[in-house]
Amino acid sequence: MPYQSIKFIQTGSLAVGGRLLAEDQRSVQSGAQRSNSLTLGHRACQGCGEALGARIALDACQRATGGKTIAVNATGCLEVFSTPYPETSWQLPWLHSLFGNAPAVAAGVAAALRAKSRDDVRVVGQGGDGGTVDIGFACLSGMFERNDDVLYICYDNEAYMNTGVQRSGATPYAARTATTEPVGPEPGNKFGQGKNVPMIAMAHEIPYVATATVSDLRDLEYKVERAMEFRGARYLHVLVPCPLGWGSAPESTIEVARLATQTGLFPVFEAEDGEVVSATPIRHRTGVRDYLRIQRRYAHLFKPAERTEMIDRIQRGADRNITRFGLLPADDIDAELATVGAGRAEEITS
Amino acid sequence: MNKPFAITLEVGSSRANQTGSWRTERPVYVDSLPPCNHACPAGENIQQWLYQGEDGSYENAWRQIMADNPFPAIMGRVCYRPCETACNRAQLDEAVGINSVERFLGDEALRQGWTMPVEAPPSGRRVLVVGCGPSGLSAAYQLTRLGHAVTIRDAGAAPGGMMRYGIPKYRLPRDVLDAEVQRIVDMGVTLELNTTVKDIQSLLRDGGAGEPDAGKNAGKDADGKFDAVFVAVGAHIGRRAYIPAGDSARILDAVSMLRDMEGEEPPLLGRRVAVYGGGNTAMDAARTARRLGASEAIVVYRRTRERMPAHDIEVKEALEEGVTMRWLSTITHADGGKLQIEKMALDETGFPQPTGEFTELEADCLVLALGQDADLSLLEGVSGVEFTDGVVQVSPELMTGYPGIFAGGDMVPGERTVTVGIGHGKKAARCIDAWLRSDHYTREPKHDLAPFGNLNTWYYEDAPATVRPQLDAARRTTSFDEVVGGLDASNALFEARRCLSCGNCFECDNCYGVCPDNAVIKLGVGERYQIDLNYCKGCGICVHECPSGSIKMVPEEA
Amino acid sequence: MLRQIEGSRAVADAVAMCRPEVICAYPITPQTHIVEALGAKVKAGQLRPCEFLNVESEFAAMSVAIGASAAGARAYTATASQGLLYMSEAVYNAAGLGLPIVMTVANRAIGAPINIWNDHSDAMSQRDAGWIQLYAETSQEALDLHIQAFRIAEDLSVPVMVCMDGFLLTHAYERADIPSPDQVDNFLPGYEPRQVLDPAAPVSIGAMVGPEAFTEVRYLAHARQSQALTLIPEVVAEFTKTFGRDSGGLVRGYRLEDADTVVVALGSVLGTIKDTVDELRGDGMRIGILGISTFRPFPSAAVREALGSDGRVKRLVVLERALATGVGGIVSADLRMALAGGGSGRAAEPVMSTVIAGLGGRAITRMSLRTMLAEAVAGALEPLSFLDLNKGLIEREFIRARRTRRSGPVAENMLRDQGLTARIG
Ligand SMILES: Cc1cc2nc3c(=O)[nH]c(=O)nc-3n(C[C@H](O)[C@H](O)[C@H](O)COP(=O)(O)OP(=O)(O)OC[C@H]3O[C@@H](n4cnc5c(N)ncnc54)[C@H](O)[C@@H]3O)c2cc1C
Ligand SMILES: Cc1ncc(C[n+]2csc(CCOP(=O)(O)OP(=O)(O)O)c2C)c(N)n1
Ligand code: SF4
Ligand code: SF4
Ligand code: SF4
Ligand SMILES: [Mg+2]
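Report follows, based on the coordinates. (Residues numbered from 1 in each chain as written. Chains lettered and ligands numbered in written order. Predicted model: local features only at pLDDT ≥ 70, side-chain atom pairs only at ≥ 80, totals over all residues. Heavy atoms only, no water.)

1. Concerning the site of ligand 4
Applicable threshold: Neighbouring residues are identified by heavy atoms, a residue being near a molecule or strand if any of them is within 4 Å of it. Only DSSP runs of H or I reaching four residues or more are called helices, and only runs of E reaching two or more are called strands; each is numbered from the N terminus.
By nearness alone, 13 residues border ligand 4, and Cys36, Cys87, Cys499, Leu500 and Cys502 of chain B come closest of all. Of all elements in the fold, only helix H1 (35-39) and helix H2 (46-54) of chain B reach the threshold of two or more residues within the shell around ligand 4.

Here it is, written out as structure tokens:
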């Protein structure tokens with residue numbers, strides 16, 4: 001299981017902590033002593049998923065390494081909101097070089113540590129989706145191919161947020177961005193292949209690839225900690241909703257991420273040596289409408305009139321993920337695909 | 001390090017940037033009233049004792065129950081569980097098995113011999129409780145804890161009221177009843193059995209010199225009058241409907257029949273027993289008949305099953321034991337082992353109307369279970385005391401029209417259950433305590449209710465309710481052994497942990513973990529959390545992700 | 001130890017003796033032989049501890065070096081031409097972050113048209129990136145400058161580019177004095193970083209700086225780089241003491257004593273110029289040479305001092321292996337700044353002529369230089385001229401362009417005009 005399932009715990013293992021858990025079962029985030037790698041006073045927007053995701057991931061990494069993590073950051077919101085001179089919110093050694101080179105810089109740090117025989121110190125490279133799937137992609141692939149001892153974390157908010165919400169290679173179909181305006185016969189982002197970097201990472205057959213979201217903190221921590229059990233190149237793709245860019249309510253950041261998983265739009269899985277080894281099953285299956293409706297970037301799918309065909313296409317994408325990653329028990333799929341595929345709006349619970 | 005200017009910064013320096021100034025709304029921790037607590041007639045703080053039970057602190061949990069209700073083991077057997085009906089978890093999968101956990105705790109207390117201390121200093125006041133049923137016992141228990149000297153007088157030979165003389169053994173084993181009553185007596189309550197109270201006013205005046213039974217207790221009462229009285233004499237007179245009957249018809253009422261079960265000889269009912277009525281008493285009578293050897297026990301009821309006042313679980317258990325039901329039927333005549341039955345039909349208001357269609361039913365005996373009336377003669381003539389519909393009127397403080405005489409349980413308006421009686425007892429005790437201090441009992445204002453919609457149920461793991469073990473069917477019709485078993489420790493723990501902690505922070509750390517701005521301060525176990533308003537930007541994620549709905553957003557003042 | 005050795009190998013040997021801990025390599029002619037040789041040493045275990053990373057681009061090469069350097073490792077890489085431009089963003093970044101990386105630039109022209117041969121356009125394009133730039137005249141000097149470069153870079157926390165002419169130096173077999181590892185160890189202490197990524201003392205490196213402090217940051221970078229003007233002569237002095245050989249420095253004068261005409265140049269062409277000057281001196285011309293070894297920071301004071309303030313130097317001929325298209329010379333502009341910076345009290349400024357020469361590998365012959373310098377001495381040299389420019393070819397292209405808008409690719413046209421076919425891809 002990708003996350004710890006503790007029987008007999010009041011809220012299951014999905015809550016952050018709980019007094020009933022033994023010390024070693026607690027999430028890093030529940031600890032009063034967590035390292036707060038990204039600390040108070042950063043300038044992220046209200047409800048920023050990226051700020052949350054980064055703290056969760058790096059704190060987990062700090063626990064896994066005994067506080068010996070070095071982070072390398074690509075340009076982007078995370079970098080800008082954390083380190084405007086004269087203040088930094090980081091509490092671990094951190095380096096920002098450029099937008100497109102974080103994987104290579106991280107590889108350089110790792111090489112230096114290897115040369116100095118400091119195998120106790122570990123390196124995390126991190127960046128937004130733009131910095132990862134687009135401009136930093138060559139460096140990322142190189143880092144994978146060389147199997148550099150780096151955990152690279154992509155905080156995917158599905159657009160170039162820091163420059164004002166422009167389309168990236170990770171922007172989903174139909175989404176509105178500043179460069180895919182909801183006008184004309186094909187409003188929003190045009191349908192393309194999409195860049196599925198987790199799968200591309202798997203094609204490099206690196207030791208570990210995983211996806212996670214900020215809606216399942218324990219799973220995210222687990223993935224980081226699991227990743228740190230490997231040496232070599234590891235990739236973690238974390239969905240981090242951006243209230244500003246997505247037009248979602250700040251308080252809904254986690255909810256939106258959760259719906260992304262429960263619709264099947266964002267499959268949560270992990271892979272070792274290029275093979276999927278586990279996928280987090282959907283608990284409460286939800287039709288994509290419920291996910292789309294709460295984000296203004298999809299408003300044109302519902303107003304002035306519903307664009308059923310476009311929504312159906314998104315639903316088909318979700319269904320494909322469900323089948324591909326086995327996100328539902330097999331018999332549920334057939335029965336439910338029929339209903340969901342037909343484009344019904346109501347929630348479908350498994 | 002002589003670091004490069006501006007480009008390289010000292011860690012954590014952003015604390016200087018107090019982002020709290022961005023906020024337009026702030027999160028505030030609140031405690032709300034869980035629906036279970038709200039529904040419990042005894043006013044138990046269920047959420048709280050489940051919370052304590054969850055980590056295995058059974059004694060603390062038990063003591064939390066005991067604050068409101070001295071009979072956890074009895075409750076766990078006979079309470080009709082309105083809490084579970086109200087439980088929010090019912091909207092998720094199944095209600096929390098509150099009652100089964102309560103029983104576990106009650107039994108555990110008996111196993112461990114836990115007792116309740118009397119911590120209050122003696123008040124020097126004397127209070128008389130009339131009636132040793134649940135309501136009287138509850139009042140006596142609470143009054144004792146408040147430091148008052150309590151005497152209970154009961155007309156019966158053994159304590160417990162209807163818990164002993166009504167509720168059958170197979171539902172409430174007498175050792176359990178005895179043990180929980182004894183625990184109260186051991187706290188220093190004076191229990192005077194076989195003592196019928198007739199003249200309350202004199203008891204208040206001069207300790208009851210004029211009482212017929214005073215002789216027995218003369219020594220005790222001589223030194224003083226009582227400062228207040230709580231009357232809880234129940235409702236023991238079986239109601240009888242007029243049924244034309246021949247001489248050979250054998251007709252008895254359920255209350256008497258069940259009371260006789262506590263006597264030397266069980267009542268003789270015959271092979272075929274008809275029970276008339278649709279309440280819990282009818283079920284108990286029919287099930288008792290089965291155990292006494294009746295091969296047929298037939299419940300005759302005027303309406304349909306849906307409209308039966310008996311609780312579902314009682315009907316289910318009766319059916320399991322071979323009791324049969326005749327719905328939409330009235331008995332129009334009884335004689336010589338035969339009953340004449342008229343079919344009924346419900347009119348549009350749901351009221352049964354005769355159809356003129358008749359059948360016959362063979363029965364050796366007919367048991368009437370048509371409800372009970374209270375014998376209120378002891379209050380008749382007391383100035384100011386009012387009676388309506390056969391019950392005594394009381395103020396919201398449970399005081400009758402006569403100052404110092406309070407009343408509760410079956411004899412006052414309201415639902416007639418053990419738990420309601422216990423609740424009355426508790427409340428009366430507090431009001432009497434206040435009254436004795438020439439004060440008014442004011443309870444703390446209740447919190448707002450915690451509705452299901454305020455919960456974020458995502459975080460609760462799917463967990464179907466546990467099922468209590470049951471006695472095998474054969475023994476259920478041949479013996480009076482207890483039918484429903486208790487949970488073992490691990491099941492009780494599991495069940496306790498199913499609680500959603502509605503409206504009350506249970507320290508799940510979610511708010512602490514999900515704040516993107518690290519603005520939630522964890523104060524430590526049992527101390528909960530605090531919002532760091534210097535940094536909280538007011539995004540509201542904590543509120544949205546709090547499983548138990550224990551945080552709310554409030555606007556910042558301009 | 002004296003050896004007949006290829007320039008690239010000599011540099012590789014020197015770099016290896018500097019014990020870099022991280023080397024990143026991406027192939028581009030004419031730099032390849034250097035990193036190949038280093039790669040072989042690392043693989044063979046002769047250079048330990050050292051991580052040799054075959055990266056996927058020059059951008060990555062510089063980025064890896066940035067990471068390695070920030071983590072406290074001595075980092076080295078080499079590139080040229082397109083590669084240098086491809087990593088340009090990271091080149092600026094390394095300097096901005098104050099990371100003492102040493103990089104060899106095997107100078108080569110920049111396309112299009114793509115051209116693998118030598119000129120200085122690549123290094124010149126990065127002259128304002130914040131790096132110190134040293135230009136080697138010979139293989140020996142290239143070798144020596146690398147050893148000095150690590151000293152200078154790490155002393156100041158400023159990255160250093162050692163520029164050596166592609167092919168002319170990288171691929172030429174010359175006699176070189178290869179130092180012993182002990183000598184290098186004595187000269188070059190271990191890398192003591194000014195800032196380092198260290199969990200025991202965490203810092204945030206690479207903050208965003210706004211208008212409130214950006215100018216100051218830049219000023220400080222300028223001030224720090226300028227310290228090299230003091231440091232380099234000291235390093236050279238120490239180098240000479242250790243290795244018994246004078247090498248590098250800010251500027252190098254040649255027969256300047258009584259010169260009224262001075263040729264200014266950088267890199268390997270200085271050798272040819274020296275031979276030519278010797279000949280012209282034989283003809284009675286009072287001509288001398290000012291070689292610029294340190295181009296960044298620009299050694300203005302040293303230049304002024306070398307040229308004297310007595311008005312003796314009447315003419316400056318700046319021979320440039322790069323063209324600032326639309327303006328002319330790059331070195332000339334800096335030179336003019338330097339001379340202007342001398343303040344009042346100076347005699348009249350010398351007349352300056354910029355001569356663009358040797359672009360894309362065109363040989364700079366003694367014959368052409370003689371002709372050009374004679375012209376200069378005669379006062380007939382244009383302010384901006386191109387050595388050995390084939391005017392006929394250009395005329396034909398002008399005509400072609402006037403005739404038709406789609407006149408075709410210029411380079412191919414000209415080759416065809418010369419009766420050659422394109423061979424370089
Ligand atoms: C068959 C049956 C089954 C039931 N099952 C359940 C059940 O499962 N769950 C549930 O919650 N409720 C049940 N009830 C209802 C419940 O028993 C009563 O509501 C409850 O016992 C009322 O408590 P009380 O203290 O008011 O009166 P009682 O329990 O009736 O006690 C009154 C006491 O007062 C004494 N008394 C009466 N008059 C005098 C006097 N003048 N002087 C001195 N003493 C006097 C009586 O002897 C008696 O002991 C059942 C009732 C019956 C009849
Ligand atoms: C080479 C380069 N091109 C463009 C930019 C401008 N730029 C800075 S951040 C950014 C967007 C970052 O997007 P992403 O990586 O998705 O991170 P986000 O801000 O969304 O978290 C862009 C385009 C840059 N800094 N450098
Ligand atoms: S724009 Fe989006 S990613 Fe950037 S700080 Fe705001 S919420 Fe976070
Ligand atoms: S879930 Fe718990 S707190 Fe909520 S109503 Fe049920 S028992 Fe009470
Ligand atoms: S999120 Fe959890 S810890 Fe926070 S208030 Fe709610 S129940 Fe308590
Ligand atoms: Mg982004």
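2. Some remarks on the sheet that holds strand S3 (residues 122-128) of chain A
Our working definition: For two strands to pair, DSSP has to find at least two bridges joining them. Only the stretch in contact is used when fitting a helix axis, every axis being a line fitted to C-alpha atoms; angles between N-to-C directions are given from 0 to 180 degrees. Contacts are assigned to residue pairs with any non-hydrogen atoms lying within 4.5 Å of each other.
The 10 strands lie next to each other as S8(A)-S7(A)-S5(A)-S6(A)-S4(A)-S3(A)-S1(A)-S2(A)-S9(C)-S1(B), forming an open sheet whose pairing is mixed. On the outer flanks of this sheet lie strand S8 (275-279) of chain A together with strand S1 (8-10) of chain B, each paired with one strand and no other. Strand-to-strand twist of the sheet, defined as the mean angle between neighbouring strand axes without regard to direction, takes the value 20°. Pairing of strand S5 (residues 208-213) of chain A with strand S6 (residues 234-239) of chain A involves 6 bridges; the strand directions are parallel. Bridged to Thr213 of chain A within S6 of chain A is Leu239 of chain A. Against the sheet, helix H1 (residues 49-65) of chain A makes contact with strand S1 (69-73), S3 and strand S4 (150-156) of chain A, and its axis sits at roughly 160° relative to S4 of chain A, the strand it touches most. Of the strands in this sheet, S4, S5, S6 and strand S7 (269-272) of chain A touch helix H7 (residues 217-227) of chain A, which is tilted by about 165° from S5 of chain A.

3. Re the pattern of salt bridges
Quick reminder of the rule: Should a side-chain nitrogen of Lys or Arg be within 4 Å of a carboxyl oxygen of Asp or Glu, the pair is scored as a salt bridge. Throughout this description, buried means an accessible area under 20% of the type-specific maximum (1.4 Å probe, protein chains only), exposed means over 50%, and partly exposed covers the range between.
A full pass over the atoms with the stated rule returns 84 salt bridges over all chains. Here Arg118 of chain A makes a salt bridge to Asp120 of chain A, at a shortest N to O gap of 3.0 Å. The exposure class of Arg118 of chain A is partly exposed, given its relative accessible area of 33%. Taking relative accessible area as the criterion, Asp120 of chain A reaches 28% and is therefore assigned partly exposed. One salt bridge connects Asp283 of chain C with Arg370 of chain C, and the closest N-O pair in it is separated by 2.9 Å. With Asp283 of chain C in the loop between helix H11 (269-282) and strand S12 (287-292) and Arg370 of chain C in helix H14 (residues 366-377), this pair connects stretches of sequence that are 87 residues apart. With relative accessibility at 30%, the residue Arg370 of chain C sits in the partly exposed group. The structure contains a network of salt bridges with shared partners spanning Arg287, Arg291, Lys316, Glu317, Glu320, Glu321 and Arg476 of chain B.

4. Remarks on the coordination of the magnesium ion (ligand 6)
Perfect tetrahedral coordination of a metal by four donors corresponds to 109.5 degrees between them, and perfect octahedral coordination by six donors corresponds to 90 or 180 degrees. Residues and elements named next belong to chain A. This is how the line gets drawn: Think of the donor list as every N, O and S atom within 2.8 Å of the metal, or within 3.2 Å for Na, K and Ca; water never makes the list, so a site can look incomplete.
Note on the magnesium ion (ligand 6): its protein donors are Asp129 (OD), Asn157 (OD1) and Ala159 (O). The metal-donor distances range over 2.0 to 2.1 Å. For the magnesium ion (ligand 6), all donor residues lie on one chain, and their spacing in sequence is D-x27-N-x1-A. Pair noted here: Asp129 is in helix H4 (residues 129-134) and Ala159 is in the loop between S4 and helix H6 (197-203), with a separation of 30 residues, a long-range link. In this structure Asp129 comes out as buried when scored by relative accessible area, which is 1%. Taking the relative accessible area as the measure of exposure, Ala159 reaches 3% and is therefore buried.

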